[in-house]
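Okay, here's what each chain looks like letter by letter:
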Amino acid sequence: MTLSELIKKYRWSLILGFIYVLPIIIANRLYIDDLGRSADGYYRLSENGRPLADAVLHFLSFSPVASDISPYTLLISVAVIVLSTAYFCEALNLRSKLAKTILPIALLISPNFLENLSYKFDSVTMGLSVAAIVFPIAFSINRSQKVKFAITSFFIIISLCLYQASINLIASIALIEFYIRLTHGYSSIEAIKTIFNRVGATVVGYALYSKFIVPLFVIGYYNTNHSDIVSSMGELTRTLDNLIGLSSYMFMGVGGWLLAACFIASILISWTSTAFYFGSSSESIGTKLLCGFMLIASPFIIIICTFGSLSLLRDPVLHPRVLIGSSGVILFSFILLCETYYKTIKLLPIFATVGCFSLSAAYGNTLTGQSEMERNIAGLISNDINTLM
C-alpha cells in the first residue's frame, strides 16, 4: 500500500488525531525546555544521546538557530504516529471496522503522552521515535527472520537516537503481533520464533546504541546522571522507590483509572484467548504451554517494560513523558477488545476514546488557565514594584 492510499483509507483517523491535539494548539503554551530554546535558539539534544533529534530540528528550522515552527511540529508528530499505527493495523489484517478509525490513534491518546505532545520543539522528535518502533514491526511481519532481526535492530537505534524512552513501546507492539498470529491461525512455532527474534533485535540495537552512540555524544552531569544504572546491592532499595514513583505517575488521576481499566480488560481478554487457543490448536503440549504462558503474561510484560527498565536507573526522570509504554497498554487492550467475537465488548474502545478526548480538552484548558494566572500574577508584581518606586 502506497502512502497516498494509506492516507486516503485512514483519513478519519488522521482527522481524529488532529482534533485530539487541538486543545494543546489553542493553549499555545511554551512547555519546560521550550522556554530556553525560544529565547536562546539552542538545540543541544545530541548531548542527551539524541543526535537524530538535533538533525530533525535543524532540518525543520532551516537554520543553525532553533526556530519555533509550532504547531507544525505537533501536526507532523500526530501524522507519523497515526500513519505508522495504521500501517501496523493494515499489516496485521485486523477484522474490526474500528481498525480504520479508533485503533490508529490509540498510541496517541494515552493520558501520559499529553506531556510529550505539549513540547513545541520536541514533540516531532518524540513522535518520530514512536513511529520508528512501530514501523519496522509492520514492515517486516511477513518477511524472513533474518530480515526481521536486521530491520528491527536498525530502527531500534533510530528510535533511541530520537528519544530513548520510546523503547518501552517495543514490548506491546511485539506482543500484539504475537497475539494476532496465534489467534488468526498462524503457526505457533513461527509466532514464538518471531517474538524471540524481536527481543534479540531490541537487545542488539540497544547494545550498539550504548556502545557507539552514547560515548560519542552524551556529555554533562544531567545527561550522564539520568542514564546511570544501579551498580550495587545497596542501591537496589532506590530501585524500589523508583518503581513506586513511576507506577504512581502512570496510574494517578482520571487518566490512571482509564489506563488501569485498559490493563484489566487486556488481562481478561488474553486469558480468555488462552483458553480458546488450547481448545483449537493442534500443536504439541510443550508449544501450547509456552504460547499459553506468553498470552497470560503479556499484559504484565507490557507494564513491566513500561517502567521496570526505567526503575533500574540510579536517578530516572520521574515524569509522565517517559512512560510511552503506557500508550502500548491502550493499543494492546483496544486490539484485543476489537478482535473478540462479542459485539458489545467492541464498544468499550469507543467509550475509552471519548474519555481520552475529554482529558485532552481539560488538559488544554488547564494550560490556558495557568497561562492567564501567570500573566495576572506578573501584572500584580509589576504594579507592586511601580507602587514602591
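Along every chain, residues carry numbers that run from 1 in the direction the sequence is written. Local features are withheld for residues below a pLDDT of 70 in this predicted model, meaning they are given only at 70 or higher, and side-chain atom pairs are given and counted only at 80 or more; totals for whole chains, interfaces and linings count all residues. Computation of side-chain values covers all heavy atoms of the structure but excludes hydrogens and water.

### Some points on the overall build of the protein
Along its length, the protein carries 17 helices and zero strands. Contacts in the protein between residues far apart in sequence, at least 24 positions, make up 80% of those at least 6 positions apart. To qualify as a helix, a DSSP run of H or I must reach at least 4 residues; to qualify as a strand, a run of E must reach at least 2; elements of each kind are numbered from the N terminus. Residue contacts follow a heavy-atom distance rule, with two residues in contact if any of their heavy atoms lie within 4.5 Å.

### Structural notes on unusual backbone geometry
In this chain, Ser 70 is followed by Pro 71 through a cis amide linkage whose omega measures 10 degrees. Note on placement: Pro 71 falls in the loop between helix H5 (51–61) and helix H6 (72–92). One non-glycine residue, Asn 28, lies in the positive phi region at around 50 degrees. When you line up the elements, Asn 28 lands in the loop between helix H3 (22–27) and helix H4 (33–40). Among the residues examined, Asn 28 registers a relative accessible area of 52% and is labelled exposed. In this structure, Arg 44 takes a positive phi of about 55 degrees despite not being glycine. Only protein chains enter the accessibility calculation, which uses a 1.4 Å probe. A residue is then buried if its area is under 20% of the maximum for its type, exposed if over 50%, and partly exposed in between.

### Things to note about H4
Listed as buried for H4 are Asp 34, Gly 36 and Arg 37. End-on view of H4: buried residues confined to an arc of 165 degrees, all on one side of the axis. Exposed positions of H4 whose direction lies more than 90 degrees from the buried face are Leu 35 and Ala 39. Regarding the arc, it is the one traced by the directions from the helix axis to the C-beta atoms.

### Let's talk about the side chain of Thr 202
Its location among the elements puts Thr 202 in helix H11 (residues 188–217). The exposure class of Thr 202 is buried, given its relative accessible area of 12%. Look past the residues within four positions of Thr 202 in its chain and what remains in contact with it is Ile 156, Ile 167 and Ile 170.

### A word on the side chain of Lys 288
For Lys 288, the location among the structural elements is in helix H15 (residues 285–307). Those residues within four positions of Lys 288 in sequence are excluded, and the remaining contacts are Tyr 277, Phe 278, Ser 281, Ser 282 and Glu 283.

### Digging into the pattern of salt bridges
Any Lys or Arg side-chain nitrogen located within 4 Å of an Asp or Glu carboxyl oxygen qualifies as a salt bridge. What the rule picks out here adds up to seven salt bridges. Residue Arg 198 is joined to Glu 177 by a salt bridge in which the shortest nitrogen-to-oxygen separation is 3.1 Å. In this pair, Arg 198 sits in helix H11 while Glu 177 sits in helix H10 (residues 170–183), placing the two residues 21 residues apart along the sequence. The class for Arg 198 is buried, based on a relative accessible area of 1%. Residue Glu 177 is classed as buried on the basis of its relative accessible area of 1%. Connected through shared salt-bridge partners, Glu 177, Arg 181 and Arg 198 make up one network.

### Some details on the packing of helix H14 (residues 253–280) against helix H16 (residues 325–338)
Inter-axis angles, ranging from 0 to 180 degrees, are taken between N-to-C directions of lines fitted to C-alpha atoms, where helices are fitted over the stretch in contact. Orientation of H14 relative to H16, taken along the N-to-C sense of each, is 45 degrees, at an axis distance of 9 Å. Here H14 lies oblique to H16, going by the angle between them. For the crossing formed where H14 meets H16, the hand is left-handed. The segment H14 lies against H16, with Leu 258, Leu 259, Cys 262, Phe 263, Ala 265, Ser 266, Ile 269 and Ser 270 engaging Ser 326, Val 329, Ile 330, Phe 332, Ser 333, Phe 334, Leu 336 and Leu 337. In this count, Pro and Cys sit with the nonpolar residues alongside Ala, Val, Leu, Ile, Met, Phe, Trp and Tyr, while Asp, Glu, Lys and Arg are called charged and the others, Gly among them, polar. Among the residues forming the contact of H14 with H16, the class breakdown is twelve nonpolar, four polar and no charged. Angles below 35 degrees are treated as roughly parallel, those above 145 as roughly antiparallel, those between 65 and 115 as roughly perpendicular, and all remaining angles as oblique. By convention, the crossing between two helices is left-handed when the near helix turns anticlockwise from the far helix through less than a right angle, and right-handed when the turn is clockwise.

### Here's the deal with the nonpolar core
Across soluble globular proteins, nonpolar side chains have a tendency to be buried as a group. Buried Ala, Val, Leu, Ile, Met, Phe, Trp, Tyr and Cys residues that are joined via side-chain atoms within 4.5 Å together make up what is termed a nonpolar core. Formed by 90 residues in total, the largest nonpolar core has its most connected members in Phe 88, Phe 178, Phe 334 and Ile 335. At ten residues, H6 tops the list of elements feeding residues into this core. Apart from the residues within four sequence positions on either side, Phe 88 is in contact with Val 134, Ile 137, Ala 138, Ile 141, Ile 173, Ile 176, Glu 177, Leu 331 and Ile 335.

### Concerning the packing of aromatic side chains
Any Phe, Tyr or Trp ring, taking Trp's six-membered ring, that has another such ring centre within 6.5 Å forms a pair; planes under 30 degrees apart are called stacked, those over 60 apart edge-to-face, and the others tilted. Counted under the stated rule, the structure contains seven aromatic pairs. Ring geometry for Tyr 20 versus Phe 357: centroids 5.3 Å apart, planes at 70 degrees, classification edge-to-face. Of this pair, Tyr 20 sits in helix H2 (residues 11–20) while Phe 357 sits in helix H17 (residues 348–388); the two residues are 337 residues apart in sequence, bridging distant segments of the chain. When its relative accessible area of 1% is taken as the criterion, Tyr 20 is described as buried. Ring centres of Tyr 87 and Phe 135 lie 5.7 Å apart, and the angle between their planes is 25 degrees; on these two criteria the pair is classed as stacked. Of this pair, Tyr 87 sits in helix H6 while Phe 135 sits in helix H8 (residues 123–139), and the two are 48 residues apart along the sequence. Residue classification places Phe 135 among the partly exposed positions, given a relative accessible area of 30%. Counting every residue linked through ring pairs, the aromatic cluster contains Tyr 87, Phe 135, Phe 139, Phe 154 and Phe 155. Consider the ring centre and the ring normal. A charge sits over the ring if Lys NZ or Arg CZ is within 6 Å of that centre and within 35 degrees of that normal. Above the face of the Phe 139 ring, Arg 143 is positioned so that its terminal group lies 4.1 Å from the ring centre. The cationic tip of Arg 181 hangs over the ring face of Tyr 186; the distance from NZ or CZ to the ring centre is 4.8 Å.

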